[in-house]
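Architecture at a glance
What follows is the residue order along each chain.
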Protein chains: 2
Amino acid sequence: MIEAAIPSKAEVQKSYEAFKAKGLKLNLTRGKLASKQLDLSTDLLALPGASDYMAEGATDCRNYGGLQGLAEARRLFAGMMGAPADQIIVANNSSLALMHDVIAYSLLKGTCDSPAPWSKGEIAFLCPVPGYDRHFKICEDYGIRMINVALNDDGPDMREVERLVASDASIKGIWCVPKYSNPTGAVYSDSVVERLASMKAAAPDFRVFWDNAYSVHHLTSERVQIANLLELCAVHGNPNRAFVFASTSKITLAGSGLALFAGSRANVKWLLDRMTPRTIGPDKVNQLRHVRFLKNEAGILAVMDRHRALIAPKFDKVLEIFDRELAGIPGVSWTRPKGGYFISLEVPKGCARRVVALAKDAGVELTPAGSTHPYGKDPEDRTIRIAPTFPDLPEVATAAEGVAICVQLAVAEKAA
Amino acid sequence: MIEAAIPSKAEVQKSYEAFKAKGLKLNLTRGKLASKQLDLSTDLLALPGASDYMAEGATDCRNYGGLQGLAEARRLFAGMMGAPADQIIVANNSSLALMHDVIAYSLLKGTCDSPAPWSKGEIAFLCPVPGYDRHFKICEDYGIRMINVALNDDGPDMREVERLVASDASIKGIWCVPKYSNPTGAVYSDSVVERLASMKAAAPDFRVFWDNAYSVHHLTSERVQIANLLELCAVHGNPNRAFVFASTSKITLAGSGLALFAGSRANVKWLLDRMTPRTIGPDKVNQLRHVRFLKNEAGILAVMDRHRALIAPKFDKVLEIFDRELAGIPGVSWTRPKGGYFISLEVPKGCARRVVALAKDAGVELTPAGSTHPYGKDPEDRTIRIAPTFPDLPEVATAAEGVAICVQLAVAEKAA
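Overview of the structure. Just so it is clear, the model here is predicted, and its values are computed rather than measured.

Attention now goes to the overall build of chain A. Secondary structure assignment for chain A yields 14 helices and 15 strands. Its C-alpha atoms give chain A a radius of gyration of 22 Å, near enough to 22 Å, the size a compact globule of 416 residues would have. Expressed as lengths along the three principal axes of its C-alpha atoms, the size of chain A is roughly 70 × 55 × 35 Å. Counting over 416 residues, chain A shows a buried share of 63%. Within chain A, contacts between residues at least 6 apart in sequence are counted, and of these 77% link residues at least 24 apart. Summing over all exposed atoms, chain A offers an accessible surface of approximately 14,900 Å²; the carbon and sulfur share of this is 51%. The positive charge centre, built from 49 side chains, and the negative charge centre, built from 46, are 3 Å apart in chain A.

This is how it looks when you write it as structure tokens:
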């Protein structure tokens, strides 16, 4: 009965050749914003305006200084970060850079709880998979051993996480995208967040790298909420465990937004101390620009509603096509995210690379298979990340149809 | 005869008390831009404008990407950097951050010529003194041993530099501010630049950190030129020796400018490779803003002429007061810089800290004595850095008068 769902290889091959003959050039590789999404922040391009450069505390935003970021910018993001303004640092345009720097500082100097710089020994990070390639790349680059743990619908496999973290003092961190995870859209349950906050760690300087990249990036009318890791860490006597990151890259302008950090007072002091030799301060004019444009939390949510109106139809279209073309094929499944930037497509074991190669030949660029896993190695070669935000809706539809054909063909080839 | 120039202690004490009674609060600590200097770049605050966001190569500046910086931004600064556009990287708002990161990458991974990461052994940097406190702070923070070498009027004492660099493989770098040096205003002679380029280095990965912070920051009608280190390094078979840094912090907006790097092709590739895990790209909108505002090299020089018109009178005023109040006092001398942001005041041995303390008590904040030297230790306690750009002209005059009285008093105390 299941066999009936698999189209014949000849039939699919024909569809594939027809698709390929269109000579398309489509790109679903990265979570980039579509031009129309960037247009939502057009006002930023002329802000703050010629006469507006003073911030609170008689701060001339044009001059040097202000390492922690503007007070009003820190307040603006307090709700989103789940932290008081004085426990927030607003930096330049890249939260990835902030995460990198926190790791580089920890390697060179150690955290505020480290007995020694991390680089003095072999260290490891837990990597829930599938996950975000750029997290893994930082670890790979600095020789930080990565240990895969399964990412379930409600967060990482906590029994495994607890077992490893409690027993291995070389494990210094875990990468988490707790809401609308990249790429599966998983949302960490309250129980998982609490267990991350409360679990026993062998390393005194164990850290949860909480990349809350999609905290307000809803795709449905449900604004999913998650538990506050920072507060729970304090409640459970591990106040310095949480390093919280976010950015406005997918709220305002992808390349010209603000990166955000939140942590305990001790962590904030530590990071500011570490940043002090590096820079006199961030680009405060860009922070003022964002304060003027977004205004307050309601302003953030309003612009996110407009993003949703532009991109939710693209996700819906991909899901509609996958539902139509791929339903019932054994070993094929995909996520239906309530937010974030990706759909994760699972294909039968050993087929992901083939699907990506077929798609490439047919003019549809996908994120390389394996990139969702440490060292670019998806042990089962099953996971494909679909990023539908950047192309126009008709292009997304065409690309999704192409991907579906490639999946059918790879499955048929394997069955042959 | 010389004694005649020293005022009596009682007399000076009276002047000091009178000055102190004014209850002033003046700050000459840092090379900050005056508000009127920042006003020169007011246009930046509304640029690029709502409809201008596309750069060369169909680059949407608002989106992710473009690690090396906009092509037009790299061309804009090619002359200033003395390098072709493809050997330039345009980054975010802080050249100090670029220098820090180059050192952090070298510590963690090594340069493109390093047999091992710098952090694998004890390393050292040569520090021409007096020099820039923030250079020294990076070294101190990461435990890089600093070795003082004398900075003469034409650059560092090259016999000493050559001797040390040739004989000690742990010496990995030298800090240089080659034009209008911080704080003395020294300009490296062609011969010194050539010797830096050609000298034998025991370390295969020895680097000259060429912080050309004041390359167009002239204070006189003479636009002083220096030799091109990058080219000379190539000529002398040490193509990767030069790491060239600059920024627009003192051209446009101090906190919202662009940081610049130039190097050999191998160094640029190395740095881009190192930056790749850290960030997807710089704030390209700010780069476009600068391209639109500065337009070309003539535009850069034009804005620098306007800076000069605002700040040269402040330098002249300080020199006029020092000439009047301090001439002939044994052991007291000061520089007459042709550019840059500082005057370096030398006082008799053991007097610098006392002068700074006296000034502070009288409401004139100076850069802490010692900050011009590694570890904050001026071995002779002689050097005081004067930063006259930030206060208004009348305040600069008052502050300089106060400083002169403090010098007289410290000298009189010592003579007593």
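With that settled, the discussion passes to helix H10 (residues 265–275) of chain B. Burial in H10 of chain B covers these residues: Asn267, Val268, Trp270, Leu271, Leu272, Arg274 and Met275 of chain B. Those residues of H10 of chain B hidden inside the fold are in contact with helix H6 (133–141) of chain A together with strand E4 (88–90), helix H5 (95–109), strand E9 (207–211), strand E10 (242–247) and strand E11 (259–262) of chain B.

Residues and elements named next belong to chain A. Pairing is mixed across the open sheet formed by eight strands, whose spatial order is E4-E11-E10-E9-E8-E5-E6-E7. Among the strands making up the open sheet, the edge pair consists of strand E4 (88–90) and strand E7 (155–156). Where strand E5 (residues 124–129) meets strand E8 (residues 171–176), three bridges bridge the pair, whose relative direction is parallel. Across the sheet, leucine 126 pairs through a bridge with isoleucine 174, a residue of E8. Its contacts with the sheet place helix H5 (residues 95–109) against E5, E8, strand E9 (207–211), strand E10 (242–247) and strand E11 (259–262), and it is angled at close to 155° to E10. Strand contacts of helix H10 (residues 265–275): E4, E9, E10 and E11, with the helix running at about 30° to E4, the strand carrying the most contacts.

Turning next to the sheet that holds strand E13 (residues 343–346) of chain B. Sheets are built from strands that pair by backbone hydrogen bonding, the pairs being arranged parallel or antiparallel. Residue and element names in this part refer to chain B. Reading across the sheet, the three strands line up as E12-E13-E15 and stay open at both edges, with antiparallel pairing between neighbours. Here the strands that pair on one side only, and so sit at the sheet edges, are strand E12 (333–334) and strand E15 (383–386). Sheet topology places E12 next to E13; two bridges connect them, and they run antiparallel. Pairing of serine 333 across the sheet is with glutamate 346, part of E13.

What follows concerns the side chain of asparagine 212 of chain B. Mapped onto the elements of the fold, asparagine 212 of chain B is located in the loop between E9 and helix H9 (229–235). If near-sequence neighbours (up to four positions away) are discounted, asparagine 212 of chain B is found in contact with Pro178, Lys179, Ile226, Phe245 and Ala246 of chain B.

Here we take up the pairing of E11 of chain A. Residue and element names in this part refer to chain A. Both faces of E11 are covered, namely the face carrying Ala259 and Phe261 and the face carrying Leu260 and Ala262. For E4 and E11, the ladder comprises three bridges, and the chain directions are antiparallel. Across the sheet, valine 90 pairs through a bridge with leucine 260, a residue of E11. Pairing geometry for E10 and E11, over four bridges, is antiparallel.

A common way to report how large an interface is uses the accessible area buried once the components associate. Taken residue by residue, the interface counts 58 residues in chain B and 58 residues in chain A. Both faces considered, chain B and chain A share a buried interface measuring about 4,700 Å² in area, 52% of it formed by carbon and sulfur atoms. Across the chain B-chain A interface, the total number found is eight salt bridges. Here chain B is connected to chain A by 30 residue pairs in polar contact (both at pLDDT 80 or more). Going through the elements one at a time, helix H2 (35–39), H5, helix H6 (133–141) and helix H11 (284–294) of chain B are the ones with two or more residues in the side of chain B that touches chain A. Considering each element in turn, the side of chain B that touches chain A owes the most residues, nine residues, to H5 of chain B.

Bringing the nonpolar core into the picture now. Judged by nonpolar contacts, the single largest core of 236 residues is most densely connected at Leu196 and Leu345 of chain A together with Leu196 and Leu345 of chain B. The residues touching leucine 196 of chain B, leaving out its near neighbours within four places in the chain, are Met158, Val161, Ile174, Cys176, Tyr188, Val208, Trp210, Leu229 and Arg241 of chain B. Phe261 and Val268 of chain A together with Tyr142 and Phe243 of chain B belong to the second-largest nonpolar core, a separate cluster that totals 70 residues.

Attention shifts here to the pattern of salt bridges. In the structure shown here, the tally under the stated rule is 53 salt bridges over all chains. Between aspartate 273 of chain B and lysine 269 of chain B there is a salt bridge; the shortest N-O distance is 2.6 Å. Of this pair, aspartate 273 of chain B and lysine 269 of chain B both sit in helix H10, four residues apart, which is roughly one turn of that helix. In this structure aspartate 273 of chain B comes out as partly exposed when scored by relative accessible area, which is 36%. Here lysine 269 of chain B falls in the exposed class, since its relative accessible area comes to 53%. Salt bridges linked by common partners bring Asp101 and Arg278 of chain A together with Asp101 and Arg278 of chain B together as one network.

Turning our attention to the relation of the copies chain B and chain A. When chain B is fitted to chain A, the residual RMSD is 0.0 Å, and the transformation amounts to a turn of 180° plus an axial shift of 0.0 Å. In the structure described here, the two chain copies are related by an operation that fits a two-fold rotation axis. Residue alanine 46 of chain B of chain B places its C-alpha closer to the rotation axis than any other residue of that unit, at 2.1 Å. Same-surface contact between copies: 100% of interface residues of chain B are shared with the interface of chain A.

The geometry of an aromatic ring pair comes down to the distance between the two centres and the angle between the two planes. Inspection of every chain in the model, using the stated rule, returns 24 aromatic pairs over all chains. When the centroid spacing of 6.0 Å and the interplanar angle of 70° are considered together, the rings of tryptophan 118 of chain B and phenylalanine 125 of chain B count as edge-to-face. You can call phenylalanine 125 of chain B buried: its relative accessible area is 0%. Grouped by ring-pair contacts, the aromatic residues Trp118, Phe125, Trp175, Phe209, Phe243, Phe245, Phe261 and Trp270 of chain A constitute a single cluster. Seen from the ring of tyrosine 341 of chain B, lysine 250 of chain B lies directly overhead, with NZ or CZ sitting 5.3 Å from the centre.

Procedures and definitions
- Residues numbered from 1 in each chain as written.
- Chains lettered and ligands numbered in written order.
- Predicted model: local features only at pLDDT ≥ 70, side-chain atom pairs only at ≥ 80, totals over all residues.
- Heavy atoms only, no water.
- Helix = DSSP H or I, 4+ residues; strand = E, 2+ residues; numbered from the N terminus.
- Rg over C-alpha atoms; globule rule 2.2 N^0.38 Å.
- Buried < 20%, exposed > 50% of the residue type's maximum accessible area, 1.4 Å probe, protein only.
- Contact = heavy atoms within 4.5 Å.
- Areas by Shrake-Rupley, 256 points an atom, 1.4 Å probe, with all protein chains shown as cover.
- Lys, Arg positive; Asp, Glu negative; His and termini not counted.
- Charge placed at Lys NZ, Arg CZ, Asp CG, Glu CD.
- Pairing = 2+ DSSP bridges.
- Axes fitted to C-alpha atoms, helices over the stretch in contact; angles between N-to-C directions.
- Buried area = accessible area lost by both parts, 1.4 Å probe.
- Salt bridge = Lys/Arg side-chain N within 4 Å of Asp/Glu carboxyl O.
- Polar contact = N/O pair within 3.5 Å; in protein donor to acceptor, adjacent residues only side chain to side chain.
- Core = buried A, V, L, I, M, F, W, Y, C linked by side-chain atoms within 4.5 Å.
- Least-squares fit on C-alpha atoms with pLDDT ≥ 70 in both.
- Phe/Tyr/Trp six-rings, centres within 6.5 Å; stacked < 30°, edge-to-face > 60°.
- Lys NZ or Arg CZ within 6 Å of the ring centre and 35° of its normal.

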